[in-house]
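Fold and geometry: a report
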Amino acid sequence: EDKVVQSPLSLVVHEGDTVTLNCSYEVTNFRSLLWYKQEKKAPTFLFMLTSSGIEKKSGRLSSILDKKELFSILNITATQTGDSAIYLCAVERVDYKLSFGAGTTVTVRA
Amino acid sequence: SAVISQKPSRDICQRGTSLTIQCQVDSQVTMMFWYRQQPGQSLTLIATANQGSEATYESGFVIDKFPISRPNLTFSTLTVSNMSPEDSSIYLCSAGAGQNTEAFFGQGTRLTVV
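One structure accompanies this document, and this report is about it. Per chain, residue numbering runs from 1 following the sequence as it is written. All chains are assigned letters beginning at A, and all ligands numbers beginning at 1, according to the order in which they are written. Only residues with pLDDT of at least 70 are given local features in this predicted model, and only at 80 or more are side-chain atom pairs given and counted; all residues enter the totals for whole chains, interfaces and linings. With hydrogens and water excluded, all non-hydrogen atoms of the structure serve as input to the side-chain values.

A word on the packing of aromatic side chains
Residues and elements named next belong to chain B. Pairing of aromatic rings covers Phe, Tyr and Trp, the last through its six-membered ring, and needs centres within 6.5 Å; plane angles under 30 degrees mean stacked, over 60 mean edge-to-face, and all others mean tilted. Counted under the stated rule, the structure contains 10 aromatic pairs over all chains. Pairing Phe33 with Tyr35 gives two aromatic rings, centres 6.5 Å apart and planes at 55 degrees, and the pair type is tilted. Exposure categories follow from relative accessible area, calculated using a 1.4 Å probe and restricted to protein chains: below 20% of the type maximum is buried, above 50% is exposed, and the middle band is partly exposed. With a relative accessible area of 0%, Tyr35 lands in the buried category. Relative to Phe66, the ring of Phe61 lies with its centre 5.6 Å away and its plane at 65 degrees, an arrangement referred to as edge-to-face. For Phe66, a relative accessible area of 3% gives the class buried.

As C-alpha cells, then:
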C-alpha cells in the first residue's frame, strides 16, 4: 500500500520566518511528487517534481526531490500571513492516481 | 492548466437522499478522478472516472454508493447515494491531461448530511 508521511503535522511561525516542510513516501510505480496548498476546499498546485536534485522555485517557495532517499522538502522563505494554509504532499503513480499525505498546517502570525 | 468547474459548491442534505456533483473541464482531459476529504483528514481517492465505461473504484468504495458517469472527455458526475451523516465531506474532482502535466482540482463540494 502506498504511504506518504508529512512532518510536522502543524507549526506556528512569525512573519519573516523560514519554514521547511517534509514529505517521505513509499509508492510503487512512482511518476511524480506534487505539492499543493489548501486554504479552503480546493488544493492549488505548487510544484510537480519528477527528477532528483533539481530545485524548483516560485517566488518565496522552493522544493526539491530525492528519489533515492524517497523524500521531498518544501521551503517557504520570508513567510507572510497569506502563507497560512494546509500544505499537501501527494505522490502520483504511473496510472495518474494520487496518494496524499495528512498535510502540514502552517500558521503565520503577524 | 485547464479549469474545472464543479458544482454545487456546497449543499446540506437530508439523510437517505442522494446528491449529484458535476465537474466540467474547459478542455479535453485523459484522466478524471474523484476524491473525498473527510473533516480533519486528507484526500482519499474514491474512483477513476473512465470515459465511456464503468468507473474503477478504490478499496472501500462501491458503485452502488458512489455511481459515477463520464460521457465524454470534459465532463463527469459523482452521485452520493442514500446519504448518512458519515458522508459529510468535501468532494473534489481532479483531472490531468497526462504526461508532464500536473493534476488540477475543481473548487470542491462541501456536503453536510443532517
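A few points about the pattern of salt bridges
The term salt bridge refers to a side-chain nitrogen of Lys or Arg lying within 4 Å of a carboxyl oxygen of Asp or Glu. Applying the stated rule across the entire model yields 6 salt bridges over all chains. Across the salt bridge formed by Arg60 of chain A and Asp83 of chain A, the nearest N and O atoms sit 2.8 Å from each other. With a gap of 23 residues between them, Arg60 of chain A in the loop between β6 (56–58) and β7 (61–66) and Asp83 of chain A in the loop between β8 (71–76) and β9 (85–93) connect regions that are remote in the sequence. Notably, a salt bridge pairs Lys65 of chain B with Asp87 of chain B, separated by 2.6 Å at the nearest N-O pair. Pair noted here: Lys65 of chain B is in the loop between β6 (56–57) and β7 (68–72) and Asp87 of chain B is in the loop between β8 (75–80) and β9 (89–96), with a separation of 22 residues, a long-range link. What emerges from the salt-bridge pattern is a single network uniting Asp2, Arg93 and Asp95 of chain A. Strands here mean DSSP runs of E at least two residues long; helices mean DSSP runs of H or I at least four residues long; both are numbered from the N terminus.

Just geometry here; none of it tells us what the structure is for.
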